Amino acid sequence: TTAPVTGHITASDKVYNGFPDATISGRSLSDVLDSDEVSLTGGTALFSDKNVGSNKTVTASGLALDGAAKDDYALASTSASTTASITAAPLTVSAENKMKTQGLPNPTLTAHYDGFVNSENVSEFTTPVSLNTTATTSSPVGTYPITASGAVAPNYTISYVNGTLTIVAVPQLSNVTKSGNQLIFSFPTLDGQNYQVEYKDDMKAASWTPLGDPMPGTGGSISITNSITGPRRFFHIKIAPQE
């Protein structure tokens, strides 16, 4: 009758990839007689789960025998177990750069993530990233840091890249051209803000009249046209964050 032999495996450590797959790095047999040509082959291996940890159980199944003397032996089991480790995957959290016009509330701070595996996302965080800036509504024109910190995701090692909040001056209606009976105003804009040009014919009037509808900023210059209907007219711009 065939002689029983026991298969043994070793497995490689790996970096977290969102799956429990494992790589068999070595195979061996015990109880082979003398110098018989028989070896352990095949099999697929899995960690006990996908998550980061040390000395985790790895189980291989589907093992088989190979070699000239394989028919003289029988595996005690086509499965075998060992241990290996899963280490955390690197994840970079980058605070995204923002811009706003002086005097407006700070824009919503956001981050970009590089390194999530297996279509994972911020739901992996047990503690979300904290985004902060030193700029306030009343901060003068200039650049201010946006810092990212504090995120916790058990399967990732997190590093951070800071961003910048740039505060620009309120645009001036100084670039005005005349075409026939039309005045054309051009002024720079920022994404994420709405621009409403308003006018009044008498500075003593109680309210301003909108000139057209609010226009979303493009990050570049936009223009608006007004027909000349009287001896004088006063204009200004109201700027508000987009909702």
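This text gives an overview of the structure that appears in the document. (Residues numbered from 1 in each chain as written. Predicted model: local features only at pLDDT ≥ 70, side-chain atom pairs only at ≥ 80, totals over all residues. Heavy atoms only, no water.)

**Here we look at the nonpolar core**
Quick reminder of the rule: Within this scheme, the nonpolar core is defined by two criteria: the residues are buried Ala, Val, Leu, Ile, Met, Phe, Trp, Tyr or Cys, and they are joined through side-chain atoms within 4.5 Å. The rule is simple: take the accessible area with a 1.4 Å probe, protein chains only, and divide by the maximum for that residue type; under 20% is buried, over 50% is exposed, in between is partly exposed. For this analysis, residues touch if any pair of their heavy atoms sits within 4.5 Å.
Of all hydrophobic cores here, the largest spans 41 residues; its most connected members are Tyr156 and Ile158. Not counting residues up to four positions away in its chain, the partners in contact with Tyr156 are Tyr16, Ala88, Ala89, Pro90, Leu91, Gly115, Phe116, Val117, Glu120 and Glu124. Formed by 14 residues, the second largest nonpolar core is a distinct cluster that contains Leu190, Leu211, Met215 and Phe235.

**Some remarks on the sheet that holds strand E8 (residues 80-87)**
Stated formally: At least two bridges found by DSSP between two strands are what make those strands a pair. Each helix corresponds to a stretch of at least 4 residues labelled H or I by DSSP, and each strand to a stretch of at least 2 residues labelled E; elements are numbered beginning at the N terminus.
Strand order in this open sheet of five strands is E2-E8-E6-E5-E3, and the pairing throughout is mixed. Here the strands that pair on one side only, and so sit at the sheet edges, are strand E2 (14-15) and strand E3 (21-22). With eight bridges connecting them, strand E5 (residues 39-47) and strand E6 (residues 53-66) associate as antiparallel partners. From the neighbouring strand, Leu46 faces E6, where its bridge partner is Thr59.

**A closer look at the sheet that holds strand E7 (residues 73-75)**
Filter applied, for reference: Helix axes use the C-alpha atoms of the stretch in contact, all axes being lines fitted to C-alpha atoms, and the angles between their N-to-C directions lie in the range 0 to 180 degrees.
Pairing is mixed in the open sheet, where three strands are placed in the order E4-E1-E7. In the strand order of this sheet, the two ends are held by strand E4 (24-30) and E7, each with one partner. For this sheet, the mean angle separating the axes of adjacent strands, direction not counted, is 35 degrees.

**Some details on the environment of Ser81**
Here is the rule we go by: Any pair of nitrogen or oxygen atoms within 3.5 Å is treated as a polar contact; in protein, a donor-acceptor pairing is required on top of that, and neighbouring residues in sequence qualify only through side-chain atoms on both sides.
Relative to the elements of secondary structure, Ser81 occurs in strand E8. By relative accessible area, which is 49% here, Ser81 ends up partly exposed. The contacts of Ser81, once residues within four sequence positions are left out, are Ile9, Val58 and Thr59. Only 3.2 Å separates the side chain of Ser81 from the side chain of Thr59, close enough to count as a polar contact.

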